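Structural overview
In case you want the letters, here they are:
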Amino acid sequence: MATLVDLQKLVDTTAQGDKDERWMATNDICNILSSDRVIDEHMEQKICNAVLKQLDDPSNEVQTVAVKCLSILLRRVKQNQIVDISKKLAILILDGNAALRDIYSICMKTLITDVPDSMGQVVSEHLSSALITGIDRPQEDVKKECLDNVGELLKRFGHELNDTHFNRIMTSTIQQLKHPKANIRKRASNALGALAFVLSEESLSQLINVLLTRIGELERGSKSAKTSSESATLIATIGVISRTVGYKLGKYLGAIVPLFIRFCGDPDDEDLQTDQGHELRESCFPGLESFVLRCPKEIQPHLLDILNICLKFMEYDPNYQYDEDNGDAMDVEEYEGGGGDDEYYGEGMGSDDDDSSWKVRKAAVKVITAMINTYPAMVRELYELSADRLLNRFKEREENVRLDIIAAMTRLIEMNLPVDHGTVTSSEGGSMHLPAVRLVRQKSTSHLLSEKVPLILRVTGTQLNGNSIPSKISLVRLLKALVLSLQGGLDEHLASTSKLSGYVEKLFHEKNQTLKLETLHFFRACYTYHGVETILENGQRFLPFLIRSVKDEWYKIIAEGLRVLETFVIHARPVDATTHALDAASPAFTTMIPTIYACVMTRLTAADIDLEIKECGISCAGSLLTHAGDLLADHVSEILTLFQKRLENETTRIATLRAISAIAQSPLSLDLSAFAVSSGDVLASFLKQYSRNLKQLTLQTLTALVVNPHTELRAPFAAAIITESATLIQESDVHLTNLTLTLLLALLKKDAAVTVPSFCEITLPKLLRFAKSSITHGAAHETLVQVFRTMVSLSSAHPALQFSALFAQLYDPSNGVPGEETKVLSRSSLTNVSKCIAAITTTLPLISLTEGVQRFARDAVAANDTLAQLALLSMGEVGQQADLSMLADLKDVILQCFQHAHEEVKLAAAYAFGHIAVGSMHTFLPLLLQSIASPADPRQQYLLLTALRETIVAFAALHKDFSPYLDTVLPILLSQKETDEDSVRNMIAECIGVLTTMTPDRLIAIIRSDLLAARDNKPVLRLAANAFRAATARPMHNESVGWVIREAMADVLTLLRDDDLDVKKAALMMVNTTAHHNVALLSSLIPTDVFPELLATLQVKIERVIDLGPFKHKVDDNLPLRKLSLAALETLLAMAPDKFDANALMAIAEKLLVDNEEVRLLFIQLLPRVAKHTTGAVAVKIDTIFPALEKLLSSAASTASSASAAASGGATTAAGGGGAASADAGSGTTKTVIDHRMLLKVILQLDKFEEIRSISRRWCDFVSKLRAASNFAEAFRQLESENVDAF
């Protein structure tokens, strides 16, 4: 460890004559400073002086290491040293050696970047005055460096300065916009952009007005003044300000946009066809682009004007003429003089060095692209106004402009991507899911796009015939987007004799690997979405090229070539979705299969190849057997043998399992018996692996093998599978259990003689236990019921499967698990068991079934409450599936149970009554309605309505016709609409809502006339909102139901504006539910009726003070509504992103960030999703957001510290008998950790957006500070290791 003496020697050496010694001494000082070595203040002063002197060192190497050393010093020296360094650097940059001024500037930037936040105010005050002085100096190098550094200072510590500093900086910097040197003007623009971000609204208005006034003066001046460099600089400055302040500039766009458009002028104005005119126009368009991206709402009135001017200047090329027939470009001078052999079109050649008009065209195209990306709702107008003109500009002679034009057209095509989620190729060769759109607008734009296909192919083909490789790559991507958007649409153009096929064939002869890869992506999309005849005809021409791609050297092309071949095989002989059969193989398909097989096998058999190629080869071979196994009968065993080897390899077994599963499910029904026997042990062993994905795929593959009609089931194979799969039946993973039950069901149906012995011994006890689980639900429980029904049908195969044995095990209200403490089953467990009991009971003959129901009736009035519940639930399940009208006295039993002391028994009785009525509507529904109309005991009214609800819900679930019973049920429901009990009203609302999905016309009319019309009856209005919520929560199996409900949605949404908070709450819950389950019902009304009301609700507080005697408590009655509004906004963002106005939400961010803590947390959790949707909206508010995050984090850390102390204290108390305190403390600690991680996760997600990081230095510093903080660093590392996504 270096001593003070050693440090002093190093400091002295820095002044020695030899440059190497000086460099080594300074570098050693750097290393010492980087360690934890404690250095006294006196030595720090000496080191600072020595390092500052070395900034003037004649050796560049010594200067470099001095800058590095200074960066380290700034992070550890005291404030007075920082001040001295600041003063010294300010003097050097103003009056130091001119040759070393760039070094001084680097040091000052290092100072601004690395100085601790706590010293920001001191540093900014010392530097700002010096930098302003430097800006006013006449020396250009001083101005340049000071402008650079003042921009950096404003970005880092602008919030530390006051209005006096801002005004001085503004005044001095604006003067530099007139400077004759372009680099000075550009730096002044950037400095004003940084300044604008920290200015108040008043000061920002002053700055904008100064700039606009000066621009106006130039506009009113001479022609030369209008096209001067100052005009371009002023316009560029406004663009820079727009990029930093975002939506804040929106209020000035009414003046700015027309001004920008006027300065762009007329493309035919020859006076502006100069370099100065081009510079002016080139400055206008980036500003317009920034307005479109950052002020999307405020710019809307000007969009058409902006689009028109951009389209004009996209075609602006004054020095060239384009032949309208073939798109060739010719120099005007050559054309007029008759000379010149150069080709300017499609050859990748640049234009004249003196011609800068291409910059104007490029800037105009970028604005059009920004409009396409920002306004998906304008896609129809964009198609009509810009599509043809974009396509006609594919003849652009300047390649980088042409690439932007093609990219803009590609993005316009992509805006029309279809609804159905399909898997298609991404540019990297993977797969991507296409978003769904169901609106009329998309249909109309699809039609527009279809009409433009001939034009697209004509201009694309002309370009594909050229020599520019980048253009060809972009055009192939455009063609792929066209196919994906239209889901085909090129049938006549993919014929083997078409021009497009000729152009595409040439692409396979290109040497560029990226172009080949994109061409393969295009082919995969074509084969996915076109008809069989088109695919076969195209395949005959291009199969040799596809084969050649599989023999390529680059692994990506090989893998994609295999994917294309697989797609060809799948879609050239597709499986019929209705009959699940394959058509007879066509002669063309038959002749191509051997060639494809031989090609695939060369890759499938190779050992030393890339994993991606192995997986693609396995998948392709699997598809070959699935769709052409009958044509490869002699090779099936060869492929299956290879698959067996691939199963033994950990890296390829997943792909192999998928392939085997597909083969087993093939309509060709290939015999896989030998494979099943030889691979049975290997497949069974996979069920013991840790990987859940592997177990899931193995279960699916085994099920497919068992179901295959030509697979012989042998005892050892069945026993091994049953033994291993039984361990997967567990409550902790219901999905995996469902797959296991599906496999067991297939085994039982396949060959009972082989499977039943092992099944009864190993699996049956687990099934009986699982049947009594409280968390079994959905598909897993439905499969379980099928298994029990199948077991009873196999009762002759084993005594344990007989009805009596199974019934005795199931009809037990305790858990009945040997070796475990007997526990009474919960209500959910009893419900699950009752469904299994009904499954085996309904298989009995009528006499036995009747006896069983009578036993349920006797047990329903038994002393054992749990047994009574089970009996009633079982009775209801059986009654839903069987007609029990011969047992009409069941009504008396149920009504008797309504008098039971136990509430759960009463609810079970209501459940039984409702479900029995489903199976015997002609008998039990009248009894139920009569009981509701004239209850023997008014206290039974709720239970009877519950029974009616069960009947209606069950009818809807079974998709039965309820209309014959509607006239008798509706009066009963409507008679209860004004009841005082909320629970009854909610029940009525659910019944009406479910009935609406079955008979929409009748019910919607009633809701409008009887419920919504009662504007003064607030409980009835709540009932209407809840009824709609119940209706929209259910799937719309019939499209006509959705249309009827959609027509009435506007009437229901008026409840969002009701003055009654409970009515408004019900309406908000309805909106959230509808958006989640059936967003199409709301879609057209979101911008006008939903989104504005949600934002308005978020801004309302209804506070009142409750006097509690010793103290007073403030209550906000609108808090629950604000939380519901945020929940609804989150749902809308997920389900209808094209209707989500992120800028409108972020406009009220300040209010939400100072709201109740629950509201703040909900809003902060929403921010990453909003940033993913519209990054700019969040970016411009980030300096408002992170202080709120910092405050919440500080609160979470403080709470965590208190909880930790309480937990340790509680542990001590627990040793003496005070365990409760410890438990509470532990619980509180857990909650705090969750909140703490949630906030850090939000910060990490927001930090992933480059626009947020680039717009705010304070945000970057905030995140860096958190990463370095001892109490947050570990949590950050954990979240990053979990690969936290941004959405």
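Each remark here, short or long, concerns the structure printed above.
Report follows, based on the coordinates. Please read these numbers as outputs of a predicted model, since none were measured by experiment.

**Focus on the overall build of the chain**
Secondary structure summary: the chain contains 62 helices and 6 strands in total. Each principal axis of the C-alpha atoms in the chain carries an extent, and together these give about 110 × 95 × 75 Å. The buried share of the chain, reckoned over its 1287 residues, is 54%. Pairs at least 24 residues apart make up 73% of the contacts formed inside the chain by residues separated by at least 6 positions. Surface accessibility of the chain: about 53800 Å² in total, with carbon and sulfur atoms responsible for 50%. Computed over 129 positive and 159 negative side-chain charges, the separation of the two mean positions in the chain equals 3 Å.

**Section: the nonpolar core**
Counting residues in hydrophobic clusters, the biggest one holds 434 residues, and the most contacted among them are Phe285 and Phe643. In this structure phenylalanine 643 touches Leu604, Ile618, Ala621, Gly622, Thr656, Ala659, Ile660, Ile663 and Phe675, once residues within four positions along its chain are discounted.

**As for the packing of helix α20 (residues 399-414) against helix α23 (residues 469-486)**
Relative orientation and spacing of two packed helices are given, respectively, by the angle between their axes and the distance between those axes. Close contact between α20 and α23 brings their axes to 9 Å; oriented N to C, the two are set at 10°. By the criterion of interaxial angle, the relationship of α20 to α23 is roughly parallel. Every residue of α23 that contacts α20 at Glu399, Arg402, Leu403, Ile406, Met409, Thr410, Ile413 and Glu414 is listed here: Pro470, Ser471, Ser474, Leu475, Arg477, Leu478, Ala481, Leu482 and Ser485. The class makeup of the residues in the contact of α20 with α23 is 9 nonpolar, 4 polar and 4 charged.

**With respect to the environment of isoleucine 1086**
Among the secondary structure elements, isoleucine 1086 is positioned in helix α52 (residues 1086-1098). A relative accessible area of 1% places isoleucine 1086 in the buried class. As a C-alpha pair, isoleucine 1086 and leucine 500 span 586 residues in sequence and 43 Å in three-dimensional space. Ignoring sequence-local partners within four residues, the contact set of isoleucine 1086 consists of Val1079, Phe1091, Pro1092, Leu1132, Ala1136 and Lys1139.

**What about empty space enclosed by the protein?**
Tallied over the entire structure, the rule returns 1 cavity of 30 Å³ or more. There is about 30 Å³ of room inside the largest cavity. Residue assignment for the lining of the largest cavity shows that the elements contributing at least two residues are α24 (499-507), α25 (513-529) and α26 (532-550). Tallying contributions element by element places α24 first for the lining of the largest cavity, with 3 residues. Within the lining of the largest cavity, the residues separate by chemical class into 6 nonpolar, 2 polar and no charged.

**Concerning the packing of aromatic side chains**
Counted by the stated rule, this structure contains 22 aromatic pairs. Centre to centre, the rings of phenylalanine 807 and phenylalanine 856 are 6.2 Å apart; their planes meet at 35°, and the pair counts as tilted. Pair noted here: phenylalanine 807 is in helix α38 (residues 803-810) and phenylalanine 856 is in helix α40 (residues 846-860), with a separation of 49 residues, a long-range link. For the residue pair phenylalanine 807 and phenylalanine 856, the accessibility class agrees, reading buried in each case.

**Some remarks on the environment of leucine 767**
Tracing the sequence through the fold places leucine 767 in helix α36 (residues 752-771). Separated by 106 residues in the primary sequence, leucine 767 and serine 661 have C-alpha atoms spaced 26 Å apart. Filtering out sequence-adjacent residues up to four positions away, leucine 767 remains in contact with Ile729, Leu741, Phe759, Leu784, Val787, Phe788 and Met791.

**Section: the pairing of strand β6 (residues 1112-1116)**
Bridge analysis of strand β5 (residues 1103-1107) against β6 gives 5 bridges, and the strand direction is antiparallel. Bridging across to β6, aspartate 1107 finds its partner in lysine 1112. Where β5 folds back on β6, the antiparallel hairpin that results is connected by 4 residues, among which glycine 1109 adopts a positive phi of roughly 85°.

**Brief notes about the environment of lysine 891**
In this structure, lysine 891 sits in helix α42 (residues 890-897). On the accessibility criterion, lysine 891 (15% relative accessible area) is buried. In this structure, the C-alpha to C-alpha distance between lysine 891 and phenylalanine 924, residues 33 residues apart in sequence, is 7.9 Å. Setting aside chain neighbours within four positions, we find lysine 891 in contact with Phe913, Phe924, Leu927 and Ser931.

**A look at the packing of helix α3 (residues 41-54) against helix α4 (residues 60-74)**
Running from N to C, α3 and α4 point in directions that differ by 145°, and their axes come no closer than 8 Å. The crossing of α3 and α4 is left-handed. On α4, the residues that touch Ile47, Cys48, Val51 and Gln54 of α3 are Val62, Gln63, Ala66, Cys69, Leu70 and Leu73. Across the contact of α3 with α4, the residue classes break down as 8 nonpolar, 2 polar and no charged.

**A short note on helix α7 (residues 120-136)**
A rise of 1.5 Å per residue sets the reference length of α7, with its 17 residues, at 24 Å; its end C-alpha atoms lie 24 Å apart and thus fit the reference within 8%. Three or more residues of α7 are buried, namely Gly120, Val123, Ser124, Leu127, Ser128, Ala130, Leu131, Ile132, Gly134 and Ile135.

**Some words on unusual backbone geometry**
Of note in this structure, glutamine 487 is not a glycine but carries a positive phi near 50°. Here glutamine 487 falls in the partly exposed class, since its relative accessible area comes to 31%. Phi is positive for histidine 959, which is not a glycine, with a value near 55°. Mapping histidine 959 onto the fold places it in the loop between α45 (941-957) and α46 (963-974).

Cut-offs used in this document
- Residues numbered from 1 in each chain as written.
- Predicted model: local features only at pLDDT ≥ 70, side-chain atom pairs only at ≥ 80, totals over all residues.
- Heavy atoms only, no water.
- Helix = DSSP H or I, 4+ residues; strand = E, 2+ residues; numbered from the N terminus.
- Buried < 20%, exposed > 50% of the residue type's maximum accessible area, 1.4 Å probe, protein only.
- Contact = heavy atoms within 4.5 Å.
- Areas by Shrake-Rupley, 256 points an atom, 1.4 Å probe, with all protein chains shown as cover.
- Lys, Arg positive; Asp, Glu negative; His and termini not counted.
- Charge placed at Lys NZ, Arg CZ, Asp CG, Glu CD.
- Core = buried A, V, L, I, M, F, W, Y, C linked by side-chain atoms within 4.5 Å.
- Axes fitted to C-alpha atoms, helices over the stretch in contact; angles between N-to-C directions.
- Parallel < 35°, antiparallel > 145°, perpendicular 65-115°, else oblique.
- Nonpolar A, V, L, I, M, F, W, Y, C, P; charged D, E, K, R; others polar.
- 1 Å grid on protein atoms, 1.4 Å probe; cavity = no way out; pocket = protein on both sides within 12 Å on 5 of 7 lines; lining within 4 Å.
- Points joined across faces, edges and corners; volume = space filled by probe spheres on them.
- Phe/Tyr/Trp six-rings, centres within 6.5 Å; stacked < 30°, edge-to-face > 60°.
- Pairing = 2+ DSSP bridges.
- Left-handed = near helix turned anticlockwise from the far one by under 90°.
- Expected span 1.5 Å × (residues − 1).

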